[in-house]
Amino acid sequence: MQSQNPIFIPGPTNIPERIRLAMARPAWDHRTEAFEAFFGPLREDLKTVFGTEQGEVVLFTGSGTTGWDVALSNLLAPGDRVLATSHGMFSQRWIDLARSLGLVVDVIEAEWGEGIPMDAMESALAEDTQGAIKAVLAVHNETATGVTSDIGRVRQAMDQQQHPALLFVDGVSSIGSLPFHMDDWGVDVAVSGSQKGFMLPTGLAVVAISERAEQEAAARTHPRGHLDLGPMLKASRANSYPWTPAIGLIGALRESVDMLMEEGLPAVYARHTHLAGGVRAAAEAWGLPICAKHPALYSDTVTAIHVPAPHSAAELVAHANRRYGVSFGVGLGPLSDRVFRIGHLGQLTETLLLSGLATAEMALLDLGVAIEPGSGVAAAQGHFRAVIAESQEQIA
Ligand SMILES: *Cc1c(COP(=O)(O)O)cnc(C)c1O
């Protein structure tokens, strides 16, 4: 049976009532002036969410992975070299996809829980005096470990070396939840999906393309399949589609973007920081270390929390689901039995999150993990109330 409980996984995220209602629409013909009039303003507003004025946003049917593929297969041909960091499951999967497309990937290996290592990035770029590296792949928010990397610094490192590579950024679990500045950071392709910060079901790859990336994609002659940006950008600019759009999701995306705009993007980002602080306070009170190595790396959309041996993090997640009907994120790859993840992005409030922390606490206690009952919830309450007290002082 479908539970009414919220989910606490870092995607798919909870779907707000407004968005659910927006999806309950009859069939709609996309080859109409009405669709064109609808699609133009949506594309413009999406640019604002991505922090771009010069770029274009396109919607491919698919998921975040499709967005990775759009970036790789349009701008790179087999044999081309790219530079990427492996520091979690998602950064590694993007590398795997690049290899499967015949690209040569220079991998900077970093410990899971670390961000993109800037020193290694700088020296890899400095050594490449011939400009053989055609693109840098950077995961803004590594969802497997709860680590946010500084994309502005990646751009700085590239500029310092005057390196001509394109910059591709995975913003799947950050865009719409964490500040994202495509133009300021000189991002050439930014990738997101519908089921994380946009609070929709899975089904859309939301991809922003810079002017430079568009020109380079157009200039390249290697064959590409149906993810070809050429026809997509051409149709998009005419507020139309080269094939049948996922129109139900696109209609609901309007609602999602309205919600983000009504709250205001700075307020959305501040809410994520505020809620994340509550989760981190809870983990600290439980005495359970979080996976991200330094406070500067802490993600405001997902926290990976270590479960001490001999307890199994996988069993914890399964138990919480079975017993309480609440989902937390499992650990991925080498962390599969070592961490559980609390997703705190999208439609969440203090109240919803407290229910998740209270449930996590019950599940931890059920498994016999030595935590103080109520300690995490109390710490999160303290965090939330302290911020409120502070802002009331400012008003007074
Ligand atoms: C979820 C996620 C993906 C993969 O997206 P899918 O929608 O599952 O294809 C890629 N990167 C990051 C950082 C993610 O969080």
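This structure is a prediction, so every number in the text was calculated from the model and none was measured.

Asks: Would you explain the overall build of the protein in this entry?
Replies: From N to C terminus, the protein includes 13 helices and 12 strands. Taking 2.2 N^0.38 as the reference for a compact globule, 396 residues should give roughly 21 Å; the C-alpha atoms of the protein span a radius of gyration of 21 Å, in line with that estimate. Its C-alpha atoms put the protein at 60 × 55 × 50 Å along the principal axes. When contacts within the protein are restricted to residue pairs at least 6 apart in sequence, those whose partners lie at least 24 apart make up 73%. Here the protein carries 27 positive and 44 negative side-chain charges, and the mean point of each set is 5 Å from the other.

Asks: Please explain the sheet that holds strand E12 (residues 339-343) as it appears in this structure.
Replies: Backbone hydrogen bonds are what pair the strands of a sheet, in a parallel or an antiparallel way. Strands sit in the order E10-E12-E11 across an open sheet of three strands; the sheet is antiparallel. With one partner strand each, in any of the chains shown, strand E10 (302-306) and strand E11 (329-330) form the two edges of the open sheet. In the sheet, E11 pairs with E12 via two bridges, with the strands oriented antiparallel. What sits directly across from Val330, in E12, is Phe340. Along the sheet face, helix H11 (residues 313-324) touches E11 and E12 and points at about 45° away from the line of E12.

Asks: Sorry, what's going on with the UniProt feature "binding site: substrate" (unreviewed entry) in the protein here?
Replies: UniProt feature "binding site: substrate" (unreviewed entry): in the numbering of this structure it lies at Arg341. Inspection of the secondary structure assignment puts Arg341 in strand E12. Not counting chain neighbours up to four residues away, the residues in contact with Arg341 comprise Phe8, Pro10, Phe90, Thr143, Ala144, Val302, Thr303, Ala304, Phe328, Gly329, Val330 and Leu332. A distance of 2.8 Å separates a polar side-chain atom of Arg341 from the backbone oxygen of Thr143.

Asks: Looking at this structure, I do not really get the pairing of strand E3 (residues 104-109). What am I missing?
Replies: On a regular strand, each side chain points to the face opposite its neighbour's, so the side chains alternate between the two faces of the sheet. In terms of strand pairing, strand E2 (residues 81-86) meets E3 through six bridges, oriented parallel. Bridge pairing in E3 places Leu83 opposite Asp106.

Asks: It is not clear to me how the packing of helix H10 (residues 265-286) against helix H12 (residues 350-366) should be interpreted in this structure. Could you clarify?
Replies: What describes two packed helices is the angle between their axes and the distance between those same axes. Put simply, H10 and H12 touch, their axes get as near as 10 Å, and they point 20° apart. Looking at the two axes, H10 sits roughly parallel to H12. Handedness of the crossing formed by H10 with H12: right-handed. Between H10, through His274, Leu275, Gly278, Val279, Ala282 and Trp286, and H12, the contact on the second element is made entirely by Glu350, Leu353, Leu357, Ala360, Glu361 and Leu364. Considering only residue class, the contact of H10 with H12 consists of eight nonpolar, two polar and two charged.

Asks: Teacher, can you tell me more about the site of the ligand here?
Replies: As a structural note, the neighbourhood of the ligand is formed by Ser63, Gly64, Thr65, Trp68, Phe90, Asn141, Thr143, Asp170, Val172, Ser173, Gln195 and Lys196. Separating an oxygen atom of the ligand from a side-chain N or O atom of Ser63 is a distance of 2.5 Å. Contacts to the ligand include Gly64, whose backbone N or O atom sits 2.9 Å from an oxygen atom. In isolation the ligand exposes 380 Å². Once the protein is present, 89% of that is buried. Here the shell around the ligand gets three residues from one element, more than from any other, and that element is helix H3 (residues 64-75). Grouping the constituent residues of the shell around the ligand by class yields three nonpolar, seven polar and two charged.

Reading the values: the criteria
Residues numbered from 1 in each chain as written. Predicted model: local features only at pLDDT ≥ 70, side-chain atom pairs only at ≥ 80, totals over all residues. Heavy atoms only, no water. Helix = DSSP H or I, 4+ residues; strand = E, 2+ residues; numbered from the N terminus. Rg over C-alpha atoms; globule rule 2.2 N^0.38 Å. Contact = heavy atoms within 4.5 Å. Lys, Arg positive; Asp, Glu negative; His and termini not counted. Charge placed at Lys NZ, Arg CZ, Asp CG, Glu CD. Pairing = 2+ DSSP bridges. Axes fitted to C-alpha atoms, helices over the stretch in contact; angles between N-to-C directions. UniProt positions renumbered as here; feature names shortened; annotations may be inferred. Polar contact = N/O pair within 3.5 Å; in protein donor to acceptor, adjacent residues only side chain to side chain. Parallel < 35°, antiparallel > 145°, perpendicular 65-115°, else oblique. Left-handed = near helix turned anticlockwise from the far one by under 90°. Nonpolar A, V, L, I, M, F, W, Y, C, P; charged D, E, K, R; others polar. Near = heavy atom within 4 Å. Areas by Shrake-Rupley, 256 points an atom, 1.4 Å probe, with all protein chains shown as cover.

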